[in-house]
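Structural features, examined
Now for the letters of each chain:
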Amino acid sequence: MRSFLPIVLRLGVLFPIGLVILHCGQARVLTEIQSGPLYRVLDHSLSITCNVSGFLNHDASKVFEFSMHRLPDKEINIISTSNPDFSFSGHMRRVEAKEITLEHMGPNSVIFTIKNLKATDDGKYTCSVENIDLTYNGAYSAQTTVKVIDDSLTVSSPDSLPRSHTEGDSLTLTCQVSSNTVQHTHLSVAWYLHAVGEDSAGPIISLDQDMTLRPGVGFEGRYQAGLIRLDKMGEATYRLKMDQLKVSDQGRIYCRAQEWIQDPDRTWYSITQKDTEPTPLNVKAEEVLPDRSYIVVTITVQKTSLQEGQELSIACNVDVQNLSERFFSVAWLRDGVELARLGPTGILRVGPEYNDRKIGGELRATRTSDKENQLILRPVRTQDQGEYMCRAWPQDRGSKGKFTEGTPQDSSTQAVSISATESGLTVEMETKNVAVNEGGKLQLTCKVSGVSGQLSVTWEYKSGSISTDSFRNVIALNREGITESGPGFAQRDVRASRPADGVFTLELNEVTPSDAGIYQCTVSEWARKANTNIDKTHKSSLKLDLKSRQSVVTVGEEAALRCRVRGSVGSVPMTVRWSLQSEDSSSLDNILTVSHSGDITWQEGRHRYQVKIESFGTEVHHTLLIVGASKREAGRYQCEVSVFLEKRHKKLPPSNLLAVVVKDPETALSLTSAPTITGGVNADIKIKCTAKERTSASSRFAVTWVVQPEAGDNKTILSISHDGVVTFEPQVESSTGQRISGMQKEGRSFELTIRQALVRDSGTYICMVVEWLQDPDGQWFQLTPAHTTTELRIIEPANDLHLDKTEHQLIATEGGDVELNCTLTSVGFNPSFVYAIVWFYTGSDLSAQKVPLAEVDHIGLMRWPESQPLQGLQGRLHLSRPTRSTFNLHIQRAHEGDSGTYQCRVEQYQLDHRGHWQQRATDESGLISLTVKAIERNLSIGKEDIQLNLTASNEFVIPCTITAQSSKSSAFHITWFRQQNTGSEQHPIFTVYQNSTLQDRSGRGGRLRFDHPVPSHFHLTMLNATPDDSGLYFCRAEEWILSPSLKWKKVAVETSGEFTVNVYAEAVATALESGCSLGIFLVISSVVIVCLMVVVSILVFRIYQSKFSAAKKPDSTLWAEGIPLESKSCLED
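So, a few notes on the structure that sits alongside this text. The model shown is predicted, which means the values in this text are computed figures rather than measured ones.

1. Regarding the overall build of the protein chain
Scanning the protein chain for helices and strands turns up eight helices and 84 strands. A burial count over the protein chain gives 40% of its 1133 residues as buried. Summarising the internal contacts of the protein chain: among those between residues at least 6 apart in sequence, 60% fall at separations of at least 24. As presented, the protein chain carries roughly 61,600 Å² of accessible surface, and 51% of it is formed by carbon and sulfur atoms.

Next comes the structure, spelled out in structure tokens:
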């Protein structure tokens, strides 16, 4: 008991320590951080999560630290959750300002945040956790990479001006969204409404980064009804369309764009977001009209107090029942005088004094919806101020399409005031009257004084002979130096210039009598104008022409088109549009636009064009480069230029049309082939033609094979396209098509193969090759074809068939494989010949007949003649032709019954000129005698007798050793027997069957153990032997072989020698062990006793004899000294 207590105490101490060790082995610390690289945008936020697992105390709050590496060997501490002095000086200020934070989301996780990224924040970030355990086991830090990229997202909207609509109207807004981020990103666009009275804005509809449309809360029903749409127009324009506006839609609408990137963990992250300027929207409740014919006309002016040069926008709204089914004319009036009118079909007419402003783009009027009609004047002038009013006429359309005007309805009036900045500007014409001869040159000079800003000039003209004529524009020179001709002078040689700061000149060459009249010079200082009149004349500022040094180019070459802008171009922003009229089109299509801001927009699929801009003083050359021309770039080109002035574009007359012709390159293809080829019937013929030269290293080829028979017309056999597709012509017979194939080898070699050639295949074969090239657009086009010819002659060969007649004797062992050979001894082999073979068999019985065993016909079909006795043999046959001259018959797992005589017969076939098989010859081989012998018995087993003495409880092994066997594939059936002694009954105790099944037949409670250490040794072990196990043991071995018919067959039986075992009890054994000396003593003692007994017996006998003798001879004494004692010693006995 005392010795047991220390053990218990020791186990009590070690058990918890073992648990701790076991727990430590299972808990491995793992620190994880977001996978990188993480691409984030400059001046935007960055968030990185970090968590740890595997600590023993899971619930304890861990200490995290973040650091970064800008250089591989330089670590910069940023922030810690516990140490306020952890940060380096470069980050300390940002940490103190809460611009960089590290916050716990739980005891084992944190989130690291930088609110405003800088370019220096680019680098590798490491999240580390302090170890709170006694030992280190795992990873206590993790790294990720952050890439700081520029913000290239741009969002803009042209619709920022306030909009006013009536309930039920439609609203259309657009915004442009684009990004130039190098990484693969997606954009999402959403339209938001900040409704009147709401604290925050809500989405109307959005297009997610996965191109999924989602309506906002409260807009689902209108979206499902098709009243709200978000469409992507082109590459960067997103359009919002809202039908049937509601009063609740009032507020501010803006467009929000987000750029998304997919992080390595496959989640999408918004890296930047931008909004457009909001568009104020006013939605008035729809008025309830008293009847169908009642018309309500309202006027809306966005801004009633303007400065000269700004934009005046006046909207006329017409409301009536069934508005969409009615027609109206709408007019705008100023001080009771009609300025412009939109007819029922939308045709605009303007008053005389506004006609030039309409032509110049200063006046525009459009019908923006069923209700709204809008008039825009820009730039506005001081004479445009006054009382404005709208007037609408209902228009009834007759059956013939003619409109009938109804009673007009006026709106209320709206006063518009236009002010001008005071200026000391004065204008004076240098000459009041000018006389010029016809064909001469008119030159006028206008001088300006009191200038305080930039100036522009407009030269105008009206006929002096027509009193009612109004001034018309001749040419204008804006403050950027861009000139623009008036409509009547576009084709005249007219120039406007400013040779000095206060001097403007007009030059008109080749004047005509119709140029006589009054000329007016109008100078504007920004928006302030002063007028003076003089007799004068005028034409344009900028001219365009389009030229090319090389208008005919070869596919793949470069072409350059130069659009030359001449005039006072200065630094005026220009937008250049290039157009192409393709050869198969009647209209010009825009292919490329270079905006005044430098942005380039390509038409879809036209990205191969490049542009170059060069300035030469008074000329600007815009060059369009066609890099690698293709047929798609052929056509007539035109350039159009518009200048960007006063925040709008002014178009110049387009250039002339310039034709560009794209032609195919000249082919360099040349072919070569063998002039003549001779072959035999049924031979495989290969006709080759090779392209020696080619136009391009990337050329592809299409080939067509044509045959000209010795008698008949040319026939196309097959074609191979440049994509490798083989097509047979319909007139080719199916049997011929099966024998012919074509292919292209080694890039420039073309091969036609004719298998099993016939005499009728003779003729002239033409190889026609077309070279294909790929243009820069990836389209394939062909060049001029080339051809070469080859004459084919097919010769019918002579017949020659001989077989080996040698007789052979073969002896095989049952179960083995046998191979019989049938050999052709012909001198030569012609590929036009095919062979059929028949194997015959004659049994070993004298009455047996020669019967066919197996056949292979001339087309390779195998047949087995029906024969019930031969079915077993036929199922084990295999026919082959390893060489052209050898036919083999292979017999698998030969039986004794396979013995007999074998012979083969070979038949020779050849196709005739009609394509039918004809037998040409036949021959038989010599006889092959086969004898299959049964396997000889050769089983031998160990015969040695063995005796063994042992004590109880020990074990003994009964061996059974195979010393020889009849076959390597033999299996053995071993049975061990026991006899009590020689001559007693034999009892089987254990059996091992040939399929390795074991059977214990002794009934000894599982004390027998079988062992098979090597293939020829079988051991049976008796465990825990008892005296009852004493006896005589031996084994009997049966040899079994799997017959050719896959059945087990007993070959031999052998019995081993005897194995005698004596098992003694433990007491007897002890005595025996100590009894060697005792046994010797007992033996010697026994011998001594026996000897003594013999001596005593002899003495007694002698005494008795002496007494008997004394009776007869009383004189004799008992001891007779003279009589010797002759008995041997006991030891000698």
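Let us keep going from here.
2. Details of the pairing of strand β76 (residues 956-964)
Summarising the sheet, strand β74 (residues 940-941) and β76 pair through two bridges and their orientation is antiparallel. Bridge assignment links I941 to a residue of β76, and that residue is I962. Relative to strand β81 (residues 1017-1022), β76 is paired through six bridges, and the arrangement is antiparallel. The residue of β81 that forms the bridge with T961 is H1017.

3. Brief notes about the pattern of salt bridges
Applying the stated criterion to the full structure yields 41 salt bridges. The partner of R94 in a salt bridge is E99, and the shortest N-O contact between them spans 3.4 Å. Given a relative accessible area of 3%, R94 falls into the buried group. Classification of E99 as buried rests on a relative accessible area of 16%. A network of salt bridges, in which partner residues are shared, links R357, E362, R381 and D384.

4. Here's the deal with the sheet that holds β76
Sheets are built from strands paired through backbone hydrogen bonds, the pairs being either parallel or antiparallel. With respect to topology, four strands assemble into an open sheet ordered β74-β76-β81-β80, the strand pairing being antiparallel. Since the sheet does not close on itself, it has two edges, and those belong to β74 and β80 (1008-1011), each with one partner.

5. Observations concerning helix α2 (residues 89-96)
Taken together, the buried positions of α2 are occupied by H91, R94 and V95. For α2, the buried positions fall inside an angular range of 100 degrees around the axis, keeping them on one side. Opposite its buried face, α2 presents the exposed residues S89, R93 and E96, each directed more than 90 degrees away. Just beyond α2, the residue with positive phi is K98, at close to 60 degrees.

6. Overview of the side chain of Q395
Residue position: Q395 is located in strand β29 (residues 386-397). By relative accessible area, Q395 is classed as buried at 8%. Polar contacts involving the side chain of Q395 include one to the side chain of S329, which spans 2.9 Å. Excluding anything up to four places from it in sequence, Q395 contacts F327, F328, S329, P344, F403, T404 and E405.

7. Section: the state of the cysteines
By the definition in use, this model includes eight disulfides. Covalent S-S linkage joins C960 and C1035, the inter-sulfur distance amounting to 2.1 Å. Across the disulfide from C960 to C1035, rotation about the S-S bond amounts to roughly 80 degrees, and the bridge is consequently right-handed. Here C960 is found in strand β76, whereas its partner C1035 is found in strand β82 (residues 1031-1042), with 75 residues between them in sequence.

8. Points about the side chain of S762
In this fold, S762 is placed in the loop between β60 (749-754) and β61 (763-774). Within the structure, S762 has its side chain in polar contact with the backbone nitrogen of I794 (distance 3.0 Å). Beyond its immediate chain neighbours, meaning those up to four positions away, S762 contacts P709, E710, L792, R793 and I794.

9. What about unusual backbone geometry?
With omega at 0 degrees, the peptide bond leading from G36 into P37 counts as cis. Tracing the backbone through its elements, the reader meets P37 in the loop between β1 (30-33) and β2 (38-41). In this structure, the amide linkage connecting R378 to the following residue, P379, adopts the cis form with an omega of 0 degrees. If you trace the backbone, P379 turns up in the loop between β28 (372-377) and β29. Phi angles above zero are rare outside glycine, and Q244 is one such case at about 55 degrees. Inspection of the secondary structure puts Q244 in the loop between β17 (237-242) and β18 (251-262). Residue classification places Q244 among the partly exposed positions, given a relative accessible area of 47%.

10. Structural notes on the sheet that holds β17
Read across the sheet, four strands follow the order β10-β12-β17-β16 without closing on themselves; strand pairing throughout is antiparallel. Lying at the two open borders of the sheet, with one neighbouring strand each, are β10 (154-156) and β16 (228-233). Adjacent strand axes in the sheet meet at a mean angle of 20 degrees, parallel and antiparallel pairs treated alike. Relative to β17, strand β12 (residues 171-178) is paired through six bridges, and the arrangement is antiparallel. What sits directly across from L171, in β17, is M242.

11. Observations concerning the nonpolar core
With 31 residues, the main nonpolar core has W578, I591, Y609, L624 and Y637 as its most contacted residues. Apart from the residues lying within four places of it in its own chain, the contact partners of L624 are A559, A560, L561, W578, I591, L592, Y609, Q610, V611 and Y637.

12. As for the environment of D243
Relative to the assigned elements, D243 resides in the loop between β17 and β18. Distance from D243 to T172, taken between C-alpha atoms, is 8.7 Å for residues 71 residues apart in sequence. When residues no more than four places from it in sequence are discounted, the contact partners of D243 are D169, S170, R222, G226 and L227. Within the local environment of D243, its side chain forms a polar contact with the side chain of S170, the two groups lying 2.8 Å apart.

13. Quick look at the packing of aromatic side chains
Overall, the coordinates contain 19 aromatic pairs when judged by the stated rule. An angle of 65 degrees between the planes, with centres 6.2 Å apart, marks the rings of F972 and F1018 as edge-to-face. Taken together, the positions of F972 in strand β77 (residues 971-979) and F1018 in strand β81 put the pair 46 residues apart, joining distant regions of the chain. For the pair F972 and F1018, one class covers both residues: buried. An aromatic cluster is present here, built from F972, W976, F990, F1010 and F1018 joined pairwise through their rings. R40 extends its terminal NZ or CZ atom over the ring of Y269, reaching a point 3.7 Å from the ring centre. In this structure, R341 is placed above the aromatic ring of W393, and the distance from its NZ or CZ to the ring centre is 4.0 Å.

Definitions and cut-offs
Residues numbered from 1 in each chain as written. Predicted model: local features only at pLDDT ≥ 70, side-chain atom pairs only at ≥ 80, totals over all residues. Heavy atoms only, no water. Helix = DSSP H or I, 4+ residues; strand = E, 2+ residues; numbered from the N terminus. Buried < 20%, exposed > 50% of the residue type's maximum accessible area, 1.4 Å probe, protein only. Contact = heavy atoms within 4.5 Å. Areas by Shrake-Rupley, 256 points an atom, 1.4 Å probe, with all protein chains shown as cover. Pairing = 2+ DSSP bridges. Salt bridge = Lys/Arg side-chain N within 4 Å of Asp/Glu carboxyl O. Arc of directions from axis to C-beta. Polar contact = N/O pair within 3.5 Å; in protein donor to acceptor, adjacent residues only side chain to side chain. Disulfide = S-S within 2.5 Å. Axes fitted to C-alpha atoms, helices over the stretch in contact; angles between N-to-C directions. Core = buried A, V, L, I, M, F, W, Y, C linked by side-chain atoms within 4.5 Å. Phe/Tyr/Trp six-rings, centres within 6.5 Å; stacked < 30°, edge-to-face > 60°. Lys NZ or Arg CZ within 6 Å of the ring centre and 35° of its normal.

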